[in-house]
Every structure is written in C-alpha cells, then in structure tokens.
Amino acid sequence: MSTDIQAVYVSATTTAVDHPTRLRGCSWANFTNATKEITFKDAGTEKFKLVLPTGGNSDLYLTDDGIRFKTSLHVTVPTSCAATIFVG
C-alpha cells in the first residue's frame, strides 16, 4: 500500500495528529537513567506502548498497514524522552 508518510517530532505529551492516520514507525531516545514508556492512544484508548530502556535509543518500523488510529493519534512522552513518529 503506497501512502504519503509524514514525520512528527514529539518531546512532550501531545496530540501529534488530529485526524485519522496510521502509525508507521517511531525513532526514539531516552536521555535518563530510568526506564520510561511512550504510549500511543486513539480517543483515549491505548493502542500501542514502547518501553524505553535507560539511556537508550532505537528505531521501530511497522509493516505497510501500520497501526490504525481512527480518530487521532495522542502521544504520551515522559520527561527527558523524545521521538520522531512516522504516520500516514
């Protein structure tokens, strides 16, 4: 499935996309010495969660279909963490 992929940088809890979309991937970093979590929600319902190890970073790319968010994509990002999410 071909689609236009957009990159959205998040470093605080926010609604990253305010319309229906698909999560296609995430590149994240945790700048602390504690395990943290990034949570992705659709209309208040948790759809996906990433556990961020201490002082780590990584990339995650999903299959072509991605994860569907029917309303919006809200991201909960803890302090001292940041991510670029790929949507479309």
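Residues numbered from 1 in each chain as written. Predicted model: local features only at pLDDT ≥ 70, side-chain atom pairs only at ≥ 80, totals over all residues. Heavy atoms only, no water.

Caption draft 1: Broad picture of the overall build of the chain. For the chain, the count of helices and strands is zero helices and nine strands. Its C-alpha atoms give the chain a radius of gyration of 12 Å, near enough to 12 Å, the size a compact globule of 88 residues would have. Principal-axis analysis of the C-alpha atoms places the extent of the chain at approximately 40 × 25 × 15 Å. Across the 88 residues in the chain, those meeting the buried criterion constitute 36%. Summarising the internal contacts of the chain: among those between residues at least 6 apart in sequence, 76% fall at separations of at least 24. Entry remark: accessible area of the chain is about 4900 Å², with carbon and sulfur atoms responsible for 47%. (Helix = DSSP H or I, 4+ residues; strand = E, 2+ residues; numbered from the N terminus. Rg over C-alpha atoms; globule rule 2.2 N^0.38 Å. Buried < 20%, exposed > 50% of the residue type's maximum accessible area, 1.4 Å probe, protein only. Contact = heavy atoms within 4.5 Å. Areas by Shrake-Rupley, 256 points an atom, 1.4 Å probe, with all protein chains shown as cover.)

Caption draft 2: Expanded view of the side chain of T32. Note that T32 resides in the loop between β3 (21–30) and β4 (36–42). Since its relative accessible area comes to 15%, T32 is described here as buried. Engagement of the side chain of T32 in a polar contact is seen with the side chain of N30, the distance being 2.8 Å. When near neighbours in sequence (up to four residues on either side) are disregarded, T32 contacts T54, G55, T79 and S80. (Polar contact = N/O pair within 3.5 Å; in protein donor to acceptor, adjacent residues only side chain to side chain.)

Caption draft 3: Region of the structure containing the nonpolar core. Ranked by internal contacts, the top residues of the largest apolar core, which has 20 residues, are A16, L23, F40, L73, V75 and I85. Among the elements of the structure, β1 (6–10), β2 (14–17), β3, β4, β5 (45–52), β8 (73–76) and β9 (81–87) are those that each provide at least two residues to this core. Residue contributions to this core peak at four residues, all from β9. (Core = buried A, V, L, I, M, F, W, Y, C linked by side-chain atoms within 4.5 Å.)

Caption draft 4: Quick peek at the packing of aromatic side chains. Applying the stated criterion across every chain yields a total of two aromatic pairs. With a centroid separation of 5.8 Å and an interplanar angle of 40°, the aromatic rings of F40 and F48 are classed as tilted. Across the pair, F48 and F40 agree in class, each one buried. Relative to F86, the ring of Y61 has its centre 6.0 Å away and its plane inclined at 35°; by these criteria the two rings are tilted. Here Y61 is found in strand β6 (residues 57–61), whereas its partner F86 is found in strand β9, with 25 residues between them in sequence. Over the aromatic face of F69 sits the side chain of K47, whose NZ or CZ is 5.8 Å from the ring centroid. (Phe/Tyr/Trp six-rings, centres within 6.5 Å; stacked < 30°, edge-to-face > 60°. Lys NZ or Arg CZ within 6 Å of the ring centre and 35° of its normal.)

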